[in-house]
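Observations on the model geometry
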Amino acid sequence: MKRLLLAALLLSAPAIAGPSDDPSWPCIQRKQPHLSIGQLWPGPLPDDSAAELAQRSDIAALAQVLEQRRLSLPEAEAEIAAFAERASAEELTALFVAVFDRIDAYRSRIMSGVARYAEKQVTLSAQIEARRAELTRLSAAAEPDFDKLDAEEARLDWDVRIFTDRQSQLTYVCETPVILEQRAFALGRAIAAHLPATPIPAP
Amino acid sequence: MRLALLSFLLLAQPALANKVFVSNEKGNDITVLDSETLEVIATFPAGNRPRGITISPDGKELYVCASDDDTVRVFDTETYQETHTLPSGPDPELFVLHPSGNPLYIANEDDNLVTIVDVQTRRVLAEVPVGVEPEGMAISPDGAFVVNTSETTNMAHFIDTASSQIVANVLVDQRPRYAQFTADGKLLFVTAEIGGTVAVIDVATKEVVHKIGFQIPGVLPEAIQPVGLKITQDGSRVFVALGPANRVAVIDGTTFEVIDYLLVGQRVWQLAFTPDERLLFTTNGNSNDVSVIDVAAGKVIRSVPVGQQPWGIVVAPD
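Heads up: these notes are all about the structure in this document. (Residues numbered from 1 in each chain as written. Chains lettered and ligands numbered in written order. Predicted model: local features only at pLDDT ≥ 70, side-chain atom pairs only at ≥ 80, totals over all residues.)

Turning next to the overall build of chain B. A count of helices and strands for chain B gives one helix and 28 strands. Since a compact globule built from 318 residues should have a radius of gyration of about 20 Å, the 18 Å found for chain B is in line with a globular shape. When its C-alpha atoms are laid out on the principal axes, chain B stretches across 55 × 45 × 30 Å. Out of the 318 residues belonging to chain B, those deemed buried represent 53%. By sequence separation, contacts in chain B at least 24 residues apart represent 42% of the contacts at least 6 residues apart. (Helix = DSSP H or I, 4+ residues; strand = E, 2+ residues; numbered from the N terminus. Rg over C-alpha atoms; globule rule 2.2 N^0.38 Å. Buried ≥ 20, exposed ≤ 12 C-beta atoms within 10 Å, placed from the backbone. Contact = placed C-beta atoms within 7 Å.)

Structure representation (structure tokens):
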């Protein structure tokens, strides 16, 4: 009885807004459309002057190099260290802003891509269902048209194959925004390490 | 930097070094750090998806929730060998050990139960039905109550340890993840991951007396997800891991005001003090490291790379 009461109490509780609320977001990771600077940068929030300085050609060029994932982290740290030798705290902050803007914009494009990927999967899954229904209908006919059946079955096989292939790539697809966030954080930490009285030394 | 290092060296008294055990959810292993040198001294396998981790009061047995193995694995803290397993029910995620060292209270996320296991006889003593997706577990210092939080039901369930019955349910904000009592047993803190708050519950009246909110300049509100929480013995400071905000909030334990937000590593999840409360360790699931906070200075002094997706953390007692 007590158990029943508890169950009733529990069932009446409000449902939560989980990651599954957005049907176009297929990843287990919670959807976070944008990174924010405060997640990555220990210092005070960069102001407009930092954003302006971030446009300077040498800083923008270095940010473009650092953003490339083919540049290993130790290599990126070496580039940052070389820049830091003659850079002021303002210039270091501007470099971070430039890196952040680039990675965040790229990450947002990737995330819209993930959403389109999910939409295509939904469409494909509906198509598979329709083909299955059609197959059932065709094979239930009094005199089944076997040519038509074979053709429909082949189309179904292809659809299922594409669907499963894409589904198995989903883990990787979903990892990409996370990998970009990791890179933005690592670069932020490496740049901040050269600030005077830094709170977070690089590992 | 050199100054920080120097002051750190000076602070490092010739006290006993403690082993720090970190469960790596994706790496399927445990990283062992030395609390004085902050170096990795060992890594050993721990089954599939190790998450919740705790240690016996004598420091000899390490308990690990191997979530995907549906069991609790027990390791010798000297040899790092698995000595035996404990029945846990399916998908154990977090658990809490009675202050006396027995029994162990385990949250089973999949079947909405708290399983109570005798760590000596290795038998299930009782199963308590709780809310949907039980997660956080806490025990009052006197051992009278175990509290379980249920992620979907958004409640803290008070379980009487003598009768194994639920005696009170306290509604908190969305997706409560972690709970801890103050050392005097008067207050219970519960973090709500989606709600973005920490509820302070008066244990005597079982009512929420305060709700702590978080605002970090330059961080979007949805990135602020309170998870792990630790309170100093004297109750003066409360530390809250804010998940993907990559920050740990430092809270005044009397006024409940947030004093600072320390940038640690990515997806900061669980926290653990050294026994002397000089250092606080954080597990950072996405940057695969542990940050070390100097508690008195309120500063992050080091980050130590560990395994893949560090999740839980426990420091061996003195």
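Counting its secondary structure elements, chain A contains six helices and zero strands. The helix and strand sequence of chain A, counted from the amino end, reads α-α-α-α-α-α. Expressed as a percentage of its 203 residues, the buried residues of chain A come to 23%. Sequence separation of 24 or more characterises 76% of the internal contacts of chain A that already satisfy a separation of 6 or more.

Here we come to the sheet that holds strand 6 (residues 71–76) of chain B. Residues and elements named next belong to chain B. Here four strands make up an open sheet; going across it, the order is 4-5-6-7 and the pairing antiparallel. Each edge of the sheet is formed by a strand with only one pairing partner; in this case those strands are strand 4 (50–55) and strand 7 (82–87). For this sheet, the mean inter-axis angle between neighbouring strands, taken without regard to orientation, is 25°. Sheet analysis places strand 6 next to strand 7, joined by five bridges and oriented antiparallel. The residue of strand 7 that forms the bridge with Phe 75 is Glu 82. (Pairing = 2+ DSSP bridges. Axes fitted to C-alpha atoms, helices over the stretch in contact; angles between N-to-C directions.)

This brings us to the environment of Thr 43 of chain B. All names here are of chain B. Within the fold, Thr 43 resides in strand 3 (residues 40–45). In this structure, the C-alpha to C-alpha distance between Thr 43 and Val 32, residues 11 residues apart in sequence, is 6.0 Å. Contacts of Thr 43, omitting those with residues within four sequence positions, involve Asp 29, Ile 30, Thr 31 and Gly 307.

Looking now at the pairing of strand 11 (residues 123–129) of chain B. For a regular strand, side chains alternate in direction, first toward one face of the sheet and then toward the other. Residue and element names in this part refer to chain B. Pairing geometry for strand 10 (residues 113–118) and strand 11, over six bridges, is antiparallel. Residue pairing in the sheet places Leu 113 in a bridge with Pro 129 of strand 11. Counting the residues that bridge the hairpin from strand 10 to strand 11 gives four residues, and of these Arg 122 lies at a positive phi of roughly 60°.

What follows covers the environment of Arg 247 of chain B. Residues and elements named next belong to chain B. Tracing the backbone shows Arg 247 in strand 22 (residues 247–252). In sequence terms Arg 247 and Ile 224 are 23 residues apart; their C-alpha atoms lie 8.6 Å from each other. Sequence-distant contacts of Arg 247, that is, excluding residues within four places in its chain, are made with Ile 216, Leu 242, Tyr 261, Leu 262, Leu 263 and Val 264.

All names here are of chain B. The element strand 24 (residues 268–273) is largely enclosed, with a buried count of five among its six residues. Here four bridges tie strand 24 to strand 25 (residues 279–284), and the two strands are oriented antiparallel to one another. Looking at strand 25, one finds that Ala 272 is bridged to Phe 281. Where strand 24 hands over to strand 25, the hairpin turn is made up of five residues, of which Glu 277 adopts a positive phi near 60°.

A separate point is the sheet that holds strand 17 (residues 187–192) of chain B. Residues and elements named next belong to chain B. In spatial order, the strands read 16-17-18-19; together these four strands make up an open sheet with antiparallel pairing. What marks the edges here is a single partner per strand, and that holds for strand 16 (176–181) and strand 19 (207–213). Taken over all neighbouring pairs, the strand axes of this sheet differ in orientation by 20° on average, direction set aside. Here strand 16 pairs with strand 17 via five bridges, running antiparallel. When the sheet's bridge partners are listed, Gln 180 is paired in strand 17 with Phe 189.

As a further point, take unusual backbone geometry. Residues and elements named next belong to chain B. The amide bond that connects Asn 102 to the next residue, Pro 103, takes the cis arrangement and shows omega of 0°. Looking at the element boundaries, Pro 103 is found in the loop between strand 8 (92–97) and strand 9 (104–108). The backbone of Lys 206 sits at a positive phi, close to 55°, despite the residue not being glycine. Considering the arrangement of structural elements, one finds Lys 206 in the loop between strand 18 (197–202) and strand 19.

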